[in-house]
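Chain and residue survey
For reference, the chains in residue letters:
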Amino acid sequence: MEAEAAKFLGAGLATLGMGLAAIGVGTIFGNFLSGALRNPSAADGQFARAFIGAALAEGLGIFSLVVALVLLFVV
Amino acid sequence: MASGSVIDPIHQFQIIKIVELGQPGGIELAFTNSAAFMFGIVALVFFFLTFATRGRTLVPGRLQSMAELSYEFVASTVRGSAGNEGMKFFPLVFSLFIFVLTANMVGMIPYAFTVTSHLIVTAALALVVILTVIIYGFVRHGTHFLHLFVPSGVPAFLLPFMVVIEVISFLSRPISLSLRLFANMLAGHIAMKVFAGFIVMMTASGVVGWFGAVLPLAMVVALTALEFLVAALQAYVFAVLTCIYLNDALHPGH
Amino acid sequence: MSEPHGPAAIIVAQASPGTLPAASGVEIAVPAAEAHGSNFPPFDVHTFPSQLLWLVIAFAALYLLMSRVALPRIATILEERHDRIADDIEEAGKLKAESEAAAEAYETALASARAKAHGIATETRDTLAAEAETRRKSLEADLNVKLAAAEVQIAATKTAAMANVRGIAVEAAGTIVNTLIGATPAPGAVEEAVDTAIKG
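Just so you know, these numbers come straight off a predicted model, no measurement behind them. (Residues numbered from 1 in each chain as written. Chains lettered and ligands numbered in written order. Predicted model: local features only at pLDDT ≥ 70, side-chain atom pairs only at ≥ 80, totals over all residues. Heavy atoms only, no water.)

As for the overall build of chain A
Each helix and strand counted, chain A has four helices and zero strands in total. Its helices and strands taken in sequence order, chain A reads α-α-α-α from the N to the C terminus. What you see for chain A is a C-alpha radius of gyration of 17 Å, clearly larger than the 11 Å of a compact globule of 75 residues, by over 25%. If one aligns the C-alpha atoms of chain A with their principal axes, the spans along those axes are about 60 × 15 × 10 Å. (Helix = DSSP H or I, 4+ residues; strand = E, 2+ residues; numbered from the N terminus. Rg over C-alpha atoms; globule rule 2.2 N^0.38 Å.)

Some thoughts on the UniProt feature "transmembrane region" (unreviewed entry) in chain B
As annotated by UniProt and renumbered to match this structure, "transmembrane region" (unreviewed entry) occupies residues 30–52, 89–113, 119–139, 146–170, 190–213 and 220–247 of chain B. Secondary structure across residues 30–52 of chain B divides into 87% helix and 13% strand, with the first and last C-alpha atoms of the span separated by 34 Å. (UniProt positions renumbered as here; feature names shortened; annotations may be inferred.)

Quick look at the packing of helix H1 (residues 3–14) of chain A against helix H4 (residues 47–74) of chain A
Residue and element names in this part refer to chain A. H4 packs onto H1 with a crossing angle of 170° between their chain directions and a minimal axis gap of 8 Å. The angle between H1 and H4 falls in the class roughly antiparallel. Packed against H1, whose contacting residues are Lys7, Phe8, Gly10, Ala11 and Ala14, the element H4 presents Ser64, Val67, Ala68, Leu71 and Leu72 at the interface. Residue composition of the contact of H1 with H4, by class: seven nonpolar, two polar and one charged. (Axes fitted to C-alpha atoms, helices over the stretch in contact; angles between N-to-C directions. Parallel < 35°, antiparallel > 145°, perpendicular 65-115°, else oblique. Contact = heavy atoms within 4.5 Å. Nonpolar A, V, L, I, M, F, W, Y, C, P; charged D, E, K, R; others polar.)

Some thoughts on helix H2 (residues 62–82) of chain B
The terminal C-alpha atoms of H2 of chain B lie 30 Å apart, and with 21 residues this matches the ideal 30 Å at 1.5 Å per residue to within 8%. Those residues of H2 of chain B that sit buried are Gln64, Ala67, Glu68, Ser70, Tyr71, Val74, Ala75, Thr77, Val78 and Ala82 of chain B. In this fold, the buried residues of H2 of chain B make contact with helix H1 (33–52), helix H3 (90–107) and helix H7 (214–250) of chain B together with helix H1 (48–181) of chain C. A positive backbone phi angle near 75° is found at Gly83 of chain B, which sits one or two residues after H2 of chain B. (Expected span 1.5 Å × (residues − 1). Buried < 20%, exposed > 50% of the residue type's maximum accessible area, 1.4 Å probe, protein only.)

Remarks on the packing of aromatic side chains
Considering all chains together, one arrives at 20 aromatic pairs over all chains under this definition. Ring centres of Phe51 of chain A and Tyr236 of chain B lie 6.1 Å apart, and the angle between their planes is 90°; this geometry places the pair in the edge-to-face category. Of this pair, Phe51 of chain A sits in helix H4 while Tyr236 of chain B sits in helix H7, which puts the two residues in different chains. Of the two residues examined, Phe51 of chain A and Tyr236 of chain B, each falls in the buried class. (Phe/Tyr/Trp six-rings, centres within 6.5 Å; stacked < 30°, edge-to-face > 60°.)

A look at the confidence of the model for chain B
All names here are of chain B. Within chain B, residue pLDDT values average 87, and 96% of them lie at 70 or more. Mean pLDDT in chain B bottoms out at strand E1 (residues 2–3), which sits at 41, and peaks at H3, which reaches 94. In this model, residues 1–5 is a region of pLDDT below 50 whose contacts with residues beyond four sequence positions or in other chains number eleven contacts. (pLDDT = per-residue confidence, 0-100.)

Comments concerning the pattern of salt bridges
Summed over the entire model, instances satisfying the criterion amount to nine salt bridges over all chains. Among the salt bridges present, the one from Glu68 of chain B reaches Arg81 of chain C, with a minimum N-O distance of 2.9 Å. With Glu68 of chain B in helix H2 and Arg81 of chain C in helix H1, this pair bridges two chains. Of the two residues examined, Glu68 of chain B and Arg81 of chain C, each falls in the buried class. (Salt bridge = Lys/Arg side-chain N within 4 Å of Asp/Glu carboxyl O.)

A few points about the packing of H2 of chain B against H3 of chain B
Residue and element names in this part refer to chain B. Contact pair H2 / H3: the axes reach a minimum separation of 10 Å and the direction vectors enclose 120°. It follows from the interaxial angle that H2 and H3 lie oblique. In the packing of H2 onto H3, the handedness of the crossing is right-handed. Seen from H2, the contacting residues are Ser70, Tyr71, Phe73, Val74, Ala75 and Val78; seen from H3, they are Phe90, Val93, Phe94 and Phe97. For the contact of H2 with H3, the class distribution of residues is nine nonpolar, one polar and no charged. (Left-handed = near helix turned anticlockwise from the far one by under 90°.)

Structure, rendered in structure tokens:
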């Protein structure tokens, strides 16, 4: 296999991590919403926390995007 | 930026030298479009805040309400995450938040340069945060600051592993903080440009393409809305995480 | 980097006769073999120093402007409003307390006036009653005196009358005896006889 082709394949595979991060973010907001619907009065206080969790989960997915970018442009 | 027939989603991130400043010590220095936008952002923020509050009216007008809202929003975020003690970092957090927010929003203007889509910029901002945390933590608490890495109530045989994990998680903070902002802005802008490129491609292929181009057009409209949301959200996330890290500097030890 | 031909550049072939139509006019540019970071602006190390330099200057300026000028200004405005609202609330509370005090004073005055009125009424009634009583008493005493005087007079009159009756009876008895027997009895005997009859 050509090195260039392998690079593109690797970058494509790395982006799968972003989809997995999307599952995590979806889980966080889904659970936040179901909790908020059970106890709407407590929802506002936990709003920032939900976003922090989503940001952390997203950050891990972003790493895989960076891996893809590095494979495409740097390696 | 569609220049002629070439649609290059990366071109928008190009750094263009406006004034070359020579190479002192072998380092290339130049006044670039990025620098121009940075100063534009600073001027925009400053003049907006001073212009909006010029009346100092008791009952705020629209602009003054915006200025006060941004102030109180950041203030409540700082108070909520780092407590009243954290208010001494309020100017820093506010500057970071307003800089990132304005940079993201200015980047949404067509043909504008997005300052925060450059890794070195976000990394520098994250370094400002983490250096503030480390320096303030040591100045304020001395070696007690190192308790941050020693979680309490952990069995002795697990402690070395926990310390290693805590140190790694601490060191990954500036990395994730900068990469998150950088990658969000980069990926969003690339996605928008790619879909916009599809419109140009389809319309180039005739009348059928004109109808087919409706789909990517709708996608671009939706993506634009999403990007505005992301632009605001990433600025907020940056500010909140800054507050949380500062809280560690204020109250180390779990 | 003058005309950027990024690695992921999408090129729209404008129906150039050389391109295969099967490619639907779209082809992905193959990255140049010498692609080494500089093709991707965010990873282009050559731009880092100038970006860092200007970012430091710009952000320091922003921080100074925010912490010295803009934020204190907004803080002052918010504080003034806060103080003003607090003052107004305090003022309203004071006014409310004042009005409550006034209402209380009114209630007190009303109650005292009522009590006073009641007192005056009672006093008047008592005075009038006492006066009436005095007058009645004096009247009674007066009447009693008059009654006693009348009784004395009656007794006197009666005594006088009784004395007169004896005289008349003695005279009448003497006259009667004179008429009957033609002889005038001794006045002592007649008087004695009359006294015995009166007593009898």
